[in-house]
Amino acid sequence: MSFSRRRFLLGAGGLLAAPLFPELLRAAPAMPMADGRRMAPQLAEPNQPLVNPATLPRFVDTLPLPPVARPIGQREHPAHPGRRLPLYRMEMRAFQARLHRDLPPTTLWGYQGSSPGPTLEAKRGEPFLIEWANALPTHHLLPIDHGIHGAEKDRPDVRTVAHVHGARVGPNDDGWPEDAFAPGHSLLYHYPNAQDAATLWYHDHAMGITRLNIYAGLYGAYLLRDPEEQALALPDGEHELPLILCDRLIARDGQLYYPVSDDPAAPWVSEAYGNATLCNGKLYPFMEVEPRRYRLRLINAANARHYELSLSSRRPFVQIGSDQGLLPAPLERMRVELYPAERADVVVDFSGLDGQTVELRQPSEPLLQFRVRNRGDKNAVSVAMPTALRAVPRIDPASATRERILTVGEMDDANGNAMMMTLGGHHWSDPITEDPLQDSVEIWSLVNLTGDAHPIHLHLVRFQILERRPYDLFAWNERKELKYTGPGQPPPPHEAGWKDTVRADPDMVTRIIVRFEGEPGKYVWHCHLLEHEDNEMMRPFKLLPKG
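Anyway, here's the lowdown on the structure attached to this text.

What counts, and at which threshold
- Residues numbered from 1 in each chain as written.
- Predicted model: local features only at pLDDT ≥ 70, side-chain atom pairs only at ≥ 80, totals over all residues.
- Heavy atoms only, no water.
- Salt bridge = Lys/Arg side-chain N within 4 Å of Asp/Glu carboxyl O.
- Helix = DSSP H or I, 4+ residues; strand = E, 2+ residues; numbered from the N terminus.
- Buried < 20%, exposed > 50% of the residue type's maximum accessible area, 1.4 Å probe, protein only.
- Polar contact = N/O pair within 3.5 Å; in protein donor to acceptor, adjacent residues only side chain to side chain.
- Contact = heavy atoms within 4.5 Å.
- Phe/Tyr/Trp six-rings, centres within 6.5 Å; stacked < 30°, edge-to-face > 60°.
- Lys NZ or Arg CZ within 6 Å of the ring centre and 35° of its normal.
- Pairing = 2+ DSSP bridges.
- Axes fitted to C-alpha atoms, helices over the stretch in contact; angles between N-to-C directions.

Under the criterion given, the structure shown has 40 salt bridges. The partner of Arg211 in a salt bridge is Asp534, and the shortest N-O contact between them spans 2.8 Å. Note that Arg211 is positioned in helix H1 (residues 210-216) and Asp534 in helix H4 (residues 530-534), a separation of 323 residues in sequence. The residues Arg211 and Asp534 share a single accessibility class, namely buried. We note a salt bridge from Arg468 to Asp505, for which the minimum N-O separation is 3.9 Å. Remark: Asp505 occurs in the loop between strand E31 (501-504) and strand E32 (508-515) and Arg468 occurs in strand E30 (residues 463-470); sequence separation between them is 37 residues. Each member of the pair Arg468 and Asp505 is classed as buried. Ionic contacts of the salt-bridge type, sharing partners, join the residues Glu121, Arg225, Glu229, Glu240, Arg295, Arg297 and Asp345 into one network.

So, in structure tokens, the structure goes:
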């Protein structure tokens, strides 16, 4: 783990720089400076007492299941005259909810007054419209750093713009970060849904404050279906559950606490971790299930935390899909790892467990308890899991017309402090350097210069992982020479499907191959550690028309 001056770390069970629970503190090492000096992190202590979730009783709240969104009517889109499409309205507003039975109500922001927001369900080839409406207060719930690009004091404190993560949409409907709009305004977006079935999700994407808006609660599931998937007879209806995970810090008065640096004029921290993991907006919930198979749509909506999920009693997951849809075949796995924005589509079989409990766990804590009923559906027909799911033809590297070498790094300020995260060594506002041609194939080699693993997300497209390969960091720093030090490591089977977010490991070059299908225009690619994304680890790319 590399450290910048404003890094704020929180362990899975406790707080850094929080004196309330000294037995849970983790010490942060001093940071190397450019001239060899070392300076200890300067961290602000929380200005209010924080909840220690270990003191709360577990499994006293039922798991919330977000409602499925319904269209409010039909409307013609200005860019698509002559055709009326189903219209959804998703209003962002403040509300209060109890994150746990024994905590006071928490003020949150959510779509349609809930967090997660309503689940959007789409069918391939059936487009619809969504009006994203900002009905939030004009004062932000969390501390803004006005020194970050896009969050300057002359902009409204509260701005939102929605992005459906993983959707193939036009550039005007993708949630361009600088298109964020203030309370009292709305945007109408068109979603063609012209892609394979997949577990997508939607969230805020406002320039400079994405980390705050998502932390406040602006996220939800978007499930895209198609006939090929439905023919597999996978668990559906009440036996299909979206499970959205994120970590938070909660003050004892019930309010969200977002960590800040010791400088009130520059409160940004480079990674924010909470000690309480919410599952669909609840801390330690439970759910009653039948003794049969269930399909779980696992989504990591955390700002920075990755999850290593397992089931108690040595029950396996059967993973059937990843970010962009079904895998070629089911995979039995004892542990599922998800970095921020990654998804895993899994089936869990509770058959034969009548009257027992099964926990969804992190290594250090339970997250959700399943209570298996004694009575099953006696008339239910047991359908065998399919042995094949969907073909994932590999993109031939020889078909690539270009390979781009792109660094994932940190940029020092004039005093040698690591202050901003960068892609390709560029700021957001620098001229566009990535300009693929429509329908062309490119290889992007992500050279990680930092000590962190970065989940890198490309808008618009899906891609395949070619390999991760160790390289000589010294040779790169001295001569910008990409010198490999070992063989490439091909992706494991659970990463061999279609992806839209890839973990770029430290000391590695992560190589992906992308076919740039879609409508020409400007899109973005970025790190999905939200504190990094907000502070320059996001770049535009421009898809050029072919011919």
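Assignment of secondary structure puts His205 in the loop between strand E11 (198-204) and H1. Side-chain polar atoms of His205 contact the side chain of His526, separated by 3.2 Å. In contact with His205, other than residues within four places in its own chain, are Val161, His163, Gly175, Pro177, Thr210, His459, Val524, His526, Glu533 and Met538.

Counted under the stated rule, the structure contains 17 aromatic pairs. Measuring from ring centre to ring centre gives 6.4 Å for Tyr189 and Tyr191, while their planes differ by 70°; the resulting arrangement is edge-to-face. Judged by relative accessible area, Tyr189 falls into the buried class, the value being 2%. With centroids separated by 6.1 Å and ring planes inclined at 55°, the aromatic side chains of Tyr191 and Tyr222 adopt a geometry described as tilted. Taken together, the residues Tyr191 in strand E10 (residues 186-191) and Tyr222 in strand E12 (residues 219-225) connect sequence positions 31 residues apart. Here Tyr191 and Tyr222 have matching classes, each one buried. In this structure an aromatic cluster arises from ring pairing among Tyr88, Phe128, Tyr189, Tyr191 and Tyr222. Cation over ring: Arg248 sits above Tyr215, and NZ or CZ is 4.4 Å from the ring centre. The ring of Tyr484 has Arg469 lying over it, and the distance from NZ or CZ to the ring centre is 4.1 Å.

Bringing the pairing of strand E13 (residues 240-250) into the picture now. When you tally the buried positions in E13, you get 11 out of 11 residues, the bulk of the element. By the alternation rule, side chains of E13 split into Glu240, Pro242, Ile244, Cys246, Arg248 and Ile250 and Leu241, Leu243, Leu245, Asp247 and Leu249, which are all buried. Sheet topology places E13 next to strand E18 (residues 293-300); 6 bridges connect them, and they run parallel. Each residue of the ladder has a partner; that of Leu245, found in E18, is Asn300. In terms of strand pairing, E13 meets strand E15 (residues 276-279) through 4 bridges, oriented antiparallel. Bridge assignment links Arg248 to a residue of E15, and that residue is Ala276. What sits between the antiparallel neighbours E13 and strand E14 (residues 256-257) is a turn of 5 residues, in which Gly254 has the positive phi angle 95°.

You can see Leu218 is positioned in the loop between H1 and E12. Along the primary structure Leu218 and Ala301 are separated by 83 residues, whereas in three dimensions their C-alpha atoms are 9.9 Å apart. Look past the residues within four positions of Leu218 in its chain and what remains in contact with it is Met92, Trp109, Gly110, Tyr111, Leu136, Thr160, Tyr202, His203, Asp204 and Asn213.

What follows is about the pairing of strand E6 (residues 106-111). Of all 6 residues making up E6, 5 are buried, and the element is well covered by its neighbours. Bridge analysis of strand E5 (residues 84-97) against E6 gives 6 bridges, and the strand direction is antiparallel. Residue pairing in the sheet places Gln96 in a bridge with Thr107 of E6.

A separate point is the sheet that holds strand E29 (residues 454-458). Overall, antiparallel pairing links the 4 strands, which are arranged E31-E29-E33-E34 in an open sheet. Of all strands in the sheet, those bounded by a partner on one side alone are E31 and strand E34 (538-543). Here the average twist between neighbouring strands, direction ignored, is 25°. Examined bridge by bridge, strand E33 (residues 521-527) and E34 share 6 bridges and lie antiparallel to one another. Residue His526 lies in a different strand from E34, and its bridge partner there is Met538.

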